[in-house]
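# Architecture at a glance
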Amino acid sequence: MSESGSSRSGTSADEILDIVDEQDRVIGQAPRGEAYARGLRHRCVFVLARDAEDRVFVHRRTPTKLVFPSLYDMFVGGVVGAGETYDEAALREAEEELGVSGLPAPSHLFTFLYDDGSTRTWWSAVYEVRCELEVRPQAEEVAWHAFLPEEEVLRRLGDWEWVPDGLAAYERLRAHRAGRTDQV
(Lines give C-alpha, C1' and ligand atoms only; values in the text may rest on other atoms or scores of the structure.)
Protein backbone atom coordinates (compact mmCIF):
# COMPACT_ATOMS: atom_id res chain seq x y z
CA MET A 1 0.00 0.00 0.00
CA SER A 2 0.97 3.57 -0.50
CA GLU A 3 2.83 5.66 1.99
CA SER A 4 1.73 8.89 0.37
CA GLY A 5 0.54 11.56 2.72
CA SER A 6 3.81 13.31 3.45
CA SER A 7 2.38 16.51 2.00
CA ARG A 8 -0.31 16.48 4.68
CA SER A 9 1.76 15.92 7.80
CA GLY A 10 5.52 16.16 7.39
CA THR A 11 6.53 12.55 6.78
CA SER A 12 4.42 9.55 6.00
CA ALA A 13 5.43 7.87 9.29
CA ASP A 14 3.95 10.86 11.17
CA GLU A 15 0.56 10.75 9.42
CA ILE A 16 -2.19 10.13 11.99
CA LEU A 17 -4.41 7.10 11.35
CA ASP A 18 -7.60 5.87 12.96
CA ILE A 19 -6.98 2.58 14.77
CA VAL A 20 -9.95 0.22 14.41
CA ASP A 21 -11.22 -3.02 15.94
CA GLU A 22 -12.38 -6.29 14.36
CA GLN A 23 -15.69 -4.63 13.35
CA ASP A 24 -13.94 -1.61 11.77
CA ARG A 25 -14.96 0.73 14.62
CA VAL A 26 -12.54 3.49 15.56
CA ILE A 27 -10.93 2.77 18.94
CA GLY A 28 -8.06 5.28 18.87
CA GLN A 29 -5.48 7.07 16.77
CA ALA A 30 -1.75 6.64 16.20
CA PRO A 31 0.97 7.86 13.85
CA ARG A 32 1.44 5.57 10.84
CA GLY A 33 4.97 4.56 11.90
CA GLU A 34 3.70 3.47 15.31
CA ALA A 35 0.70 1.67 13.80
CA TYR A 36 3.05 -0.31 11.53
CA ALA A 37 5.63 -1.01 14.26
CA ARG A 38 3.01 -2.22 16.78
CA GLY A 39 0.78 -4.02 14.26
CA LEU A 40 -2.22 -1.80 15.02
CA ARG A 41 -5.26 -2.42 12.80
CA HIS A 42 -6.11 0.57 10.60
CA ARG A 43 -7.86 1.28 7.28
CA CYS A 44 -6.62 1.16 3.68
CA VAL A 45 -8.05 1.61 0.21
CA PHE A 46 -7.22 -0.36 -2.94
CA VAL A 47 -8.22 1.22 -6.27
CA LEU A 48 -8.02 -0.76 -9.51
CA ALA A 49 -7.49 1.88 -12.23
CA ARG A 50 -8.40 1.05 -15.83
CA ASP A 51 -7.72 3.13 -18.91
CA ALA A 52 -10.06 3.78 -21.85
CA GLU A 53 -9.00 0.43 -23.38
CA ASP A 54 -9.93 -1.40 -20.13
CA ARG A 55 -6.28 -2.15 -19.32
CA VAL A 56 -5.19 -2.27 -15.66
CA PHE A 57 -2.65 0.16 -14.20
CA VAL A 58 0.24 -1.92 -12.80
CA HIS A 59 3.30 -0.53 -11.10
CA ARG A 60 6.42 -1.49 -9.18
CA ARG A 61 6.90 0.31 -5.91
CA THR A 62 10.09 2.24 -5.21
CA PRO A 63 12.74 0.65 -2.97
CA THR A 64 12.25 3.44 -0.40
CA LYS A 65 8.66 2.47 0.50
CA LEU A 66 7.99 1.75 4.20
CA VAL A 67 5.94 -1.35 3.36
CA PHE A 68 6.57 -3.85 0.53
CA PRO A 69 9.41 -1.96 -1.21
CA SER A 70 10.18 -2.82 -4.86
CA LEU A 71 7.18 -5.14 -5.24
CA TYR A 72 4.55 -5.00 -7.99
CA ASP A 73 0.96 -3.90 -7.40
CA MET A 74 -2.16 -3.82 -9.55
CA PHE A 75 -3.83 -1.30 -7.23
CA VAL A 76 -3.14 2.28 -6.32
CA GLY A 77 -4.15 3.30 -2.86
CA GLY A 78 -2.97 3.61 0.67
CA VAL A 79 -3.95 4.32 4.21
CA VAL A 80 -7.09 6.17 5.23
CA GLY A 81 -6.16 9.19 7.33
CA ALA A 82 -7.73 9.90 10.71
CA GLY A 83 -11.28 11.18 10.24
CA GLU A 84 -11.20 10.48 6.49
CA THR A 85 -13.82 8.26 4.82
CA TYR A 86 -12.90 5.32 2.63
CA ASP A 87 -14.46 7.12 -0.37
CA GLU A 88 -12.43 10.30 0.27
CA ALA A 89 -9.22 8.30 0.67
CA ALA A 90 -9.88 6.28 -2.51
CA LEU A 91 -10.19 9.40 -4.67
CA ARG A 92 -7.28 11.19 -2.96
CA GLU A 93 -4.93 8.21 -3.19
CA ALA A 94 -5.86 7.40 -6.81
CA GLU A 95 -5.24 10.99 -7.92
CA GLU A 96 -1.98 11.23 -5.93
CA GLU A 97 -0.50 7.95 -7.13
CA LEU A 98 -1.62 8.32 -10.74
CA GLY A 99 -0.54 11.97 -10.76
CA VAL A 100 -3.85 13.26 -12.10
CA SER A 101 -6.70 15.49 -10.99
CA GLY A 102 -10.34 15.34 -11.94
CA LEU A 103 -10.86 11.57 -11.72
CA PRO A 104 -14.43 10.41 -11.31
CA ALA A 105 -15.24 9.07 -7.85
CA PRO A 106 -14.00 5.47 -7.61
CA SER A 107 -16.76 2.85 -7.26
CA HIS A 108 -16.70 0.88 -4.02
CA LEU A 109 -16.91 -2.87 -4.68
CA PHE A 110 -16.44 -4.52 -1.25
CA THR A 111 -14.49 -4.31 2.00
CA PHE A 112 -12.54 -7.08 3.75
CA LEU A 113 -10.17 -7.53 6.67
CA TYR A 114 -6.61 -8.20 5.50
CA ASP A 115 -4.56 -10.09 8.08
CA ASP A 116 -1.23 -11.72 7.28
CA GLY A 117 -1.34 -13.77 10.49
CA SER A 118 1.60 -11.84 11.89
CA THR A 119 1.67 -8.08 12.43
CA ARG A 120 -0.02 -6.68 9.34
CA THR A 121 -3.77 -6.24 9.55
CA TRP A 122 -6.04 -3.59 8.07
CA TRP A 123 -9.58 -3.10 6.87
CA SER A 124 -9.36 -2.90 3.10
CA ALA A 125 -11.93 -1.19 0.90
CA VAL A 126 -11.63 -2.21 -2.76
CA TYR A 127 -12.61 0.23 -5.51
CA GLU A 128 -12.44 0.57 -9.28
CA VAL A 129 -12.05 3.73 -11.37
CA ARG A 130 -11.75 4.60 -15.05
CA CYS A 131 -8.74 6.85 -15.72
CA GLU A 132 -8.80 8.32 -19.20
CA LEU A 133 -6.28 11.02 -18.24
CA GLU A 134 -2.56 10.92 -18.93
CA VAL A 135 -0.97 9.50 -15.79
CA ARG A 136 2.12 10.99 -14.18
CA PRO A 137 2.85 8.72 -11.20
CA GLN A 138 4.83 10.10 -8.30
CA ALA A 139 8.51 9.24 -8.74
CA GLU A 140 8.89 8.68 -4.98
CA GLU A 141 6.05 6.12 -5.05
CA VAL A 142 6.33 4.39 -8.44
CA ALA A 143 9.54 3.02 -10.00
CA TRP A 144 7.84 1.59 -13.14
CA HIS A 145 4.28 1.56 -14.50
CA ALA A 146 2.17 0.47 -17.45
CA PHE A 147 -1.44 -0.18 -18.35
CA LEU A 148 -1.63 -3.93 -19.05
CA PRO A 149 -4.44 -6.07 -20.44
CA GLU A 150 -5.98 -8.13 -17.63
CA GLU A 151 -4.79 -11.33 -19.33
CA GLU A 152 -1.22 -10.05 -19.00
CA VAL A 153 -1.76 -9.28 -15.32
CA LEU A 154 -3.02 -12.83 -14.79
CA ARG A 155 0.02 -14.25 -16.63
CA ARG A 156 2.37 -12.18 -14.45
CA LEU A 157 0.85 -13.31 -11.13
CA GLY A 158 3.33 -16.19 -10.91
CA ASP A 159 6.28 -14.35 -12.46
CA TRP A 160 6.48 -11.08 -10.54
CA GLU A 161 6.70 -10.53 -6.79
CA TRP A 162 3.45 -8.79 -5.82
CA VAL A 163 2.53 -6.93 -2.65
CA PRO A 164 0.72 -9.54 -0.53
CA ASP A 165 -2.21 -7.33 0.46
CA GLY A 166 -2.80 -6.27 -3.15
CA LEU A 167 -2.63 -9.88 -4.28
CA ALA A 168 -5.18 -10.82 -1.59
CA ALA A 169 -7.43 -7.95 -2.73
CA TYR A 170 -7.08 -9.02 -6.38
CA GLU A 171 -8.00 -12.64 -5.60
CA ARG A 172 -11.07 -11.40 -3.71
CA LEU A 173 -11.90 -9.10 -6.63
CA ARG A 174 -11.77 -12.04 -9.04
CA ALA A 175 -14.05 -14.03 -6.69
CA HIS A 176 -16.39 -11.01 -6.43
CA ARG A 177 -16.63 -10.75 -10.22
CA ALA A 178 -17.34 -14.48 -10.44
CA GLY A 179 -20.15 -14.15 -7.90
CA ARG A 180 -18.30 -16.16 -5.24
CA THR A 181 -19.30 -13.91 -2.33
CA ASP A 182 -18.14 -16.51 0.22
CA GLN A 183 -14.55 -15.69 -0.77
CA VAL A 184 -14.92 -11.93 -0.55
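Since we're looking at a predicted model, the values are computed, not measured.

We now examine the pairing of strand β3 (residues 42-50). Among the nine residues that make up β3, nine are buried, leaving the element largely enclosed by the rest of the structure. Residues His42, Cys44, Phe46, Leu48 and Arg50 point to one face of β3 and Arg43, Val45, Val47 and Ala49 to the other, with burial holding for every one of them. Note that β3 and strand β8 (residues 121-130) share nine bridges and pair parallel. Within β8, the residue paired with histidine 42 across the bridge is tryptophan 122. Sheet topology note: the β3/strand β6 (residues 76-79) ladder contains four bridges and is antiparallel. Each bridged residue has a counterpart across the sheet, and for phenylalanine 46 the counterpart in β6 is glycine 77.

Counted according to the given criterion, the structure contains ten aromatic pairs. Here tyrosine 72 and tryptophan 162 contribute two aromatic rings whose centre-to-centre distance is 6.0 Å and whose plane-to-plane angle is 55 degrees, an arrangement assigned as tilted. On the criterion of sequence distance, the pair formed by tyrosine 72 in strand β5 (residues 72-73) and tryptophan 162 in the loop between α4 (150-156) and α5 (164-177) is long-range, its members being 90 residues apart. Relative accessible area serves as the criterion here: at 17%, tyrosine 72 is assigned to the buried category. Looking at tryptophan 162, the relative accessible area reads 6%, which means it is buried.

Across the protein chain, the average pLDDT comes to 91, with 92% of residues at or above 70. In this model residues 2-9 is a low-confidence stretch, pLDDT under 50, and it forms 34 contacts with partners more than four residues away in sequence or in other chains.

Quick look at the side chain of arginine 43 now. Tracing the backbone shows arginine 43 in strand β3. According to the relative accessible area criterion, arginine 43 is buried, its value standing at 14%. Here the side chain of arginine 43 touches aspartate 24 through a polar contact of 2.7 Å, landing on its backbone oxygen. When residues no more than four places from it in sequence are discounted, the contact partners of arginine 43 are Asp18, Val20, Asp24, Val26, Gly78, Val79, Val80, Tyr86 and Trp123.

Under the counting rule described, the total for this entry stands at 20 salt bridges. A salt bridge links arginine 55 to glutamate 53, with the nearest nitrogen and oxygen atoms 3.9 Å apart. Of the residues examined, arginine 55 reaches a relative accessible area of 26% and is grouped as partly exposed. Where arginine 174 meets glutamate 171, a salt bridge forms, and the shortest distance between an N and an O atom there is 3.5 Å. Remark: glutamate 171 and arginine 174 occur in helix α5; sequence separation between them is three residues, near one turn of the helix. Here arginine 174 falls in the partly exposed class, since its relative accessible area comes to 35%. When salt bridges with common partners are traced through the structure, they connect Arg50, Asp54, Glu128, Arg130, Glu150 and Arg177 into a single cluster.

So, on to the nonpolar core. Val58, Met74, Phe75, Val153 and Trp162 are the most contacted members of the largest nonpolar core, which totals 34 residues. Among the secondary structure elements, those contributing two or more residues to this core are β1 (16-20), α2 (32-38), β3, β4 (56-61), β7 (107-115), β8, β9 (142-148) and α5. Of all the elements, α5 adds the most residues to this core, at four residues. Leave out the neighbours within four places in its chain, and valine 153 touches Val56, Val58, Met74, Leu148, Trp162 and Tyr170. Val47, Val80, Ala89 and Phe147 belong to the second-largest nonpolar core, a separate cluster that totals 21 residues.

Not every positive phi belongs to a glycine, and aspartate 54 is a case in point at roughly 70 degrees. Relative to the elements of secondary structure, aspartate 54 occurs in the loop between β3 and β4. For serine 70, which is not glycine, the phi torsion reads 65 degrees and is therefore positive. Relative to the elements of secondary structure, serine 70 occurs in the loop between β4 and β5.

Reading the values: the criteria
- Residues numbered from 1 in each chain as written.
- Predicted model: local features only at pLDDT ≥ 70, side-chain atom pairs only at ≥ 80, totals over all residues.
- Heavy atoms only, no water.
- Buried < 20%, exposed > 50% of the residue type's maximum accessible area, 1.4 Å probe, protein only.
- Helix = DSSP H or I, 4+ residues; strand = E, 2+ residues; numbered from the N terminus.
- Pairing = 2+ DSSP bridges.
- Phe/Tyr/Trp six-rings, centres within 6.5 Å; stacked < 30°, edge-to-face > 60°.
- pLDDT = per-residue confidence, 0-100.
- Contact = heavy atoms within 4.5 Å.
- Polar contact = N/O pair within 3.5 Å; in protein donor to acceptor, adjacent residues only side chain to side chain.
- Salt bridge = Lys/Arg side-chain N within 4 Å of Asp/Glu carboxyl O.
- Core = buried A, V, L, I, M, F, W, Y, C linked by side-chain atoms within 4.5 Å.

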